[in-house]
Amino acid sequence: MLHRYFVLAIALVAVLIGVQVPNFITQYQQRLDSQLTEAMVYYKEYQQIADKYLNGDMNALIQMHEESDNPVFKDEAVPIRELIRRVDLYRHEQQQLQQGYLKQLWFVATEANREMVDNTWRAYSFNVPLTRQAVFSGVIAALLAVFIFDGCIGGCKLVYRRWQRKRHQPQRHA
């Protein structure tokens, strides 16, 4: 009887953890959106300059900065290049997070910006959303947890029974 309550407790904890997965993805998306919005403020200004003088070619703008005789203008090439890299990265991540839930989950688990994942985790706000993805994740987490727990218990019982049989078998003497 105690075993059954323990399995239910494990399933409940797994459900609560599982429903956090889509919530984490949502909070990651919100952080990504805010980072992109902030980066776009500056990006648009440089893009306007590139549009006005260089037919919109941001690489030509960077090249002009790098080739300048003015050291201030020359040093500005590095942050512009970094800004463009960040905007491209954030746009790519946004595209990845526009796909289905399982692809979003896989992307965040394997390819997402690790620094942003860490920052999202540090500022993470736990809640229990009752979305389709949250219920799906919770049920899958509960089933996996119960399956793994029961598999471990069953494996331990099997090993114990074999050990008991060996121990109680009469030993043959040569």
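Rules and cut-offs
- Residues numbered from 1 in each chain as written.
- Predicted model: local features only at pLDDT ≥ 70, side-chain atom pairs only at ≥ 80, totals over all residues.
- Heavy atoms only, no water.
- Axes fitted to C-alpha atoms, helices over the stretch in contact; angles between N-to-C directions.
- Helix = DSSP H or I, 4+ residues; strand = E, 2+ residues; numbered from the N terminus.
- Left-handed = near helix turned anticlockwise from the far one by under 90°.
- Contact = heavy atoms within 4.5 Å.
- Nonpolar A, V, L, I, M, F, W, Y, C, P; charged D, E, K, R; others polar.
- Expected span 1.5 Å × (residues − 1).
- Bend = angle between axes of the 7 residues up to and from the residue.
- Phe/Tyr/Trp six-rings, centres within 6.5 Å; stacked < 30°, edge-to-face > 60°.
- Buried < 20%, exposed > 50% of the residue type's maximum accessible area, 1.4 Å probe, protein only.

Visitor: I tried to follow the packing of helix α2 (residues 20-54) against helix α7 (residues 114-122) on my own but got confused; where do I start?
Guide: Two packed helices can be described by the angle between their axes and the distance between those axes. At a minimum axis distance of 10 Å, the contact between α2 and α7 shows a crossing angle of 115 degrees. The way α2 lies across α7 gives a crossing that is right-handed. Across from F24, Q27, Y28, R31, L32 and Q35 in α2, the residues of α7 making contact are M116, V117, N119, T120 and W121. Tallied by class, residues from the contact of α2 with α7 come to six nonpolar, four polar and one charged.

Visitor: Before we go on, may I ask you to explain α2 in this structure?
Guide: Along an α-helix, a turn takes 3.6 residues, which lines up residues three or four apart on a common side. The end-to-end C-alpha separation of α2 is 47 Å, in line with the 51 Å expected for 35 residues at 1.5 Å each. Largest kink in α2: about 30 degrees, centred on M40. The positive-phi residue at the C-terminal boundary of α2 is N55, with phi of around 55 degrees.

Visitor: What exactly am I supposed to notice about the environment of A134 here?
Guide: With respect to the helices, strands and loops of the structure, A134 is situated in helix α8 (residues 132-168). It is 9.3 Å that separates the C-alpha atoms of A134 and L16, two residues lying 118 residues apart in sequence.

Visitor: What should I look at first to understand the packing of aromatic side chains in this one?
Guide: Pairs of aromatic rings are described using the distance from one ring centre to the other and the angle between the two planes. A full pass over the atoms with the stated rule returns seven aromatic pairs. Seen in terms of ring centroids, Y101 and F136 are 6.3 Å apart; in terms of plane orientation they differ by 85 degrees. Their pairing is edge-to-face. With Y101 in helix α6 (residues 101-110) and F136 in helix α8, this residue pair connects regions lying 35 residues apart in the sequence. By relative accessible area, Y101 is classed as buried at 13%. Here the aromatic rings of Y160 and W163 are separated by 6.0 Å at their centres, their planes lie at 40 degrees, and the arrangement is tilted. One end of the pair is Y160 and the other is W163, both in helix α8 and three residues apart, which spans about a single turn. Grouping aromatic residues by their ring pairs yields a cluster made of F24, W121, Y124 and F126.

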